[in-house]
Amino acid sequence: MSTGSRNTWEAWARSVPPLACVSTREPCPDPMATATRLARAGLTGQYVVYEADGGVWHFAAGSDVSVTADTGGITARAAGRTWTSRTDGRPLAAFADTLSALRDEDDEGSRGEENAGGRHFYGWAAFELAHLLHADPASAGDRPLLHALVPSVEVTLGGDSTVVRAVDEAWARKVADLLAEPAAGQPSARDEPVREGTEGIIAAGSAAYGRAVARTVGDIRAGLLEKAVVSRKVPLPAERHPDFPATYLAGRRANTPARSYLLDLGGYRAAGFSPETVLEVGDDGRVSTQPLAGTRALGADPAENERRRAELLSDPKEVHEHAVSVRLAWDEMAAVCRAGSVVAEEYMAVRPRGSVQHLASRVTGRLRPDTGPWDAFASLFPAITATGVSKRAALQTLARHEDGPRGLYGGAVFRGSTGGALDAALVLRTLIGTGDEAWLRAGAGVTAQSSPEREIEETCEKLRSVAPYLRFSED
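To keep things clear, this report deals only with the structure shown in the data block. Computed from a predicted model, the values in this text were never measured in an experiment.

A word on the nonpolar core
Point 1. In terms of nonpolar packing, the biggest core is built from 88 residues, with W12, F95, L129, L279, W374 and F377 touching the most fellow members.
Point 2. A per-element tally of this core places helix α3 (residues 91-107) first, with 7 residues.
Point 3. Every residue in contact with L129, bar those within four places of it in the chain, is listed here: P91, L92, L145, L146, F377 and F381.
Point 4. Listed in part, the 42 residues of the second largest apolar core include L43, Y47, A166 and L431.

So this is what it looks like as structure tokens:
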């Protein structure tokens, strides 16, 4: 980074107020519902709910401090001021440099003891960032690729306590008043799964998708690539307006995700139940990724579920799809980790994820001293299970055969800290909205053994993790 840019981001970081007001309260009996209620309260223009590992929910809100990057430039805001700089086609590096200025402020001790482990930030990365990292930069487009919020208030809802951190007493009081409100009553009938119309929603565009799968199989058999995860977009009726918090609460109660999130951030709204993480980086430099590939439906009949599980574990197409995904994840981890530290801690287990069950593995390692969390993110993003093998060839195939850019789908929603931690959820099984539009999207891993009929069926199975739990505003 140039000296001028460094001075720019240091000035921005000095304008970011610390979370100086910290209080600890009794744990909430239903942290999921409490986090959703905080989101619905409309405290400010942007918010994120992020469910981390271990049943801990984080709520973050604010609108004063943010960082946004696209192919050409990066914009940071704080204290009513705006700082800009060019990215020269490297938005992720510029994004990481900007956030690192907050760490430098922490290192100088100006933040006090209230935020041991560093200041947290929340954000998203659009799928099109992948074209800059691995394929054709011209395909990245001109829309924002990365956005992060540095919150004015952050609430951590765990099993042992509720911790509130705020920039001032006014913010702390707003949250304290909301937490003191009585919990909502029992769910009403409209909170039950809305099955009527679900199958019609998830079938939209399936014929065109089948043709895209067939073309992709042709590319694979021609030797252009091994696998591509081809997806289809399912627009929701324009006259109906999704209630994102209500959808999140209903869907999360019915799902078994690795991570979940609810957000209105940087132009996107989303309610999602991610089946896997792109990466998890700890303050100690331990990094892991969790590729899931290979799918069968998961229903209410235990015997049928077990039959499908056995079929999944023995299906040559599914096993091959999973194995090549793990192989590439291993290679991407090895590129940033200490020699000999990369291991498969779990291989080809079966994990339930809402309406489906997946083959799942976990690859872990230790970052090299010369690499950090964003280097690992650059290597692993986007998740191999949302792109294909090789990643470059798969991205080129998706650009040919999918209808328009993916945006948030297949990208990541993340929570990180200036202390070096980064937890990024893969954006799948998600209701997404921007402007007046809202949609679902689902994909399937296409290999040489794929049939359009089976891949269409798989996308329907995945859409059933979200579509039955859609809730709409009554206005």
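A look at the packing of aromatic side chains
Point 1. Following the criterion strictly, the structure yields 9 aromatic pairs and no others.
Point 2. Taking the centre distance of 6.3 Å and the plane angle of 80 degrees together, the rings of F95 and F414 count as edge-to-face. With F95 in helix α3 and F414 in strand β20 (residues 412-417), this pair connects stretches of sequence that are 319 residues apart. Neither F95 nor F414 differs from the other in exposure class; each is buried.
Point 3. Pairing W124 with Y268 gives two aromatic rings, centres 5.1 Å apart and planes at 85 degrees, and the pair type is edge-to-face.

With respect to the side chain of S288
Point 1. Topologically, S288 is positioned in strand β15 (residues 286-289).
Point 2. Of the residues examined, S288 reaches a relative accessible area of 1% and is grouped as buried.
Point 3. A polar side-chain atom of S288 sits 2.9 Å from a polar atom in the side chain of R362.

A few points about the layout of surface pockets
Where empty space is left can be seen by rolling a probe of water-molecule size over the atoms.
Point 1. A volume near 570 Å³ is recorded for the second largest pocket.
Point 2. In terms of lining, the second largest pocket is formed by 29 residues, of which the most central are E128, R143, P405, R406 and G407.
Point 3. Tallied by class, residues from the lining of the second largest pocket come to 12 nonpolar, 8 polar and 9 charged.

Examining empty space enclosed by the protein
Point 1. This structure, assessed with the given rule, holds 4 cavities of 30 Å³ or more.
Point 2. The volume enclosed by the largest cavity comes to roughly 190 Å³.
Point 3. Lining the largest cavity we find 21 residues, and of these T385, L428, R429, G443 and K462 sit closest to its centre.
Point 4. Listing elements by their share of the lining of the largest cavity, those giving two or more residues are β11 (227-235), β16 (292-297), β23 (437-446) and α13 (452-463).
Point 5. When grouped by side-chain class, the residues that make up the lining of the largest cavity number 8 nonpolar, 6 polar and 7 charged.
Point 6. Looking at the second largest cavity, the residues that line it are E276, T277, V278, T289, Q290, P291, A329, E332, L380, A383, I384 and T385.
Point 7. Listed by contribution, the elements that provide at least two residues to the lining of the second largest cavity are β14 (277-281) and α10 (316-334).

Concerning the packing of helix α7 (residues 206-221) against α13
Helix-helix packing: each pair is described by the crossing angle between the helix axes and the interaxial distance.
Point 1. Where α7 meets α13, the closest approach of the two axes is 9 Å, and the angle between their N-to-C directions is 125 degrees. By the angle class used here, α7 and α13 are oblique. The hand of the α7/α13 crossing is right-handed. In this structure, α7 uses S206, Y209, G210, V213 and A214 to contact α13, whose residues at the interface are P452, E455, I456 and T459.
Point 2. Partitioned by chemical class, the residues of the contact of α7 with α13 number 5 nonpolar, 3 polar and 1 charged.

Comments concerning the sheet that holds strand β9 (residues 153-157)
Point 1. Within the open sheet, the 11 strands sit side by side as β1-β10-β9-β3-β2-β12-β13-β22-β23-β11-β19. Their pairing is antiparallel. Whereas interior strands pair on both sides, the edge strands pair on one side only; in this sheet they are β1 (21-25) and β19 (388-389).
Point 2. Note that β9 and strand β10 (residues 162-166) share 5 bridges and pair antiparallel. The partner of L157 across the bridge, within β10, is T162.
Point 3. Against the sheet, α13 engages β11 and β23, with an angle of about 135 degrees to β23.

Conventions adopted
Residues numbered from 1 in each chain as written. Predicted model: local features only at pLDDT ≥ 70, side-chain atom pairs only at ≥ 80, totals over all residues. Heavy atoms only, no water. Core = buried A, V, L, I, M, F, W, Y, C linked by side-chain atoms within 4.5 Å. Buried < 20%, exposed > 50% of the residue type's maximum accessible area, 1.4 Å probe, protein only. Helix = DSSP H or I, 4+ residues; strand = E, 2+ residues; numbered from the N terminus. Contact = heavy atoms within 4.5 Å. Phe/Tyr/Trp six-rings, centres within 6.5 Å; stacked < 30°, edge-to-face > 60°. Polar contact = N/O pair within 3.5 Å; in protein donor to acceptor, adjacent residues only side chain to side chain. 1 Å grid on protein atoms, 1.4 Å probe; cavity = no way out; pocket = protein on both sides within 12 Å on 5 of 7 lines; lining within 4 Å. Points joined across faces, edges and corners; volume = space filled by probe spheres on them. Nonpolar A, V, L, I, M, F, W, Y, C, P; charged D, E, K, R; others polar. Axes fitted to C-alpha atoms, helices over the stretch in contact; angles between N-to-C directions. Parallel < 35°, antiparallel > 145°, perpendicular 65-115°, else oblique. Left-handed = near helix turned anticlockwise from the far one by under 90°. Pairing = 2+ DSSP bridges.

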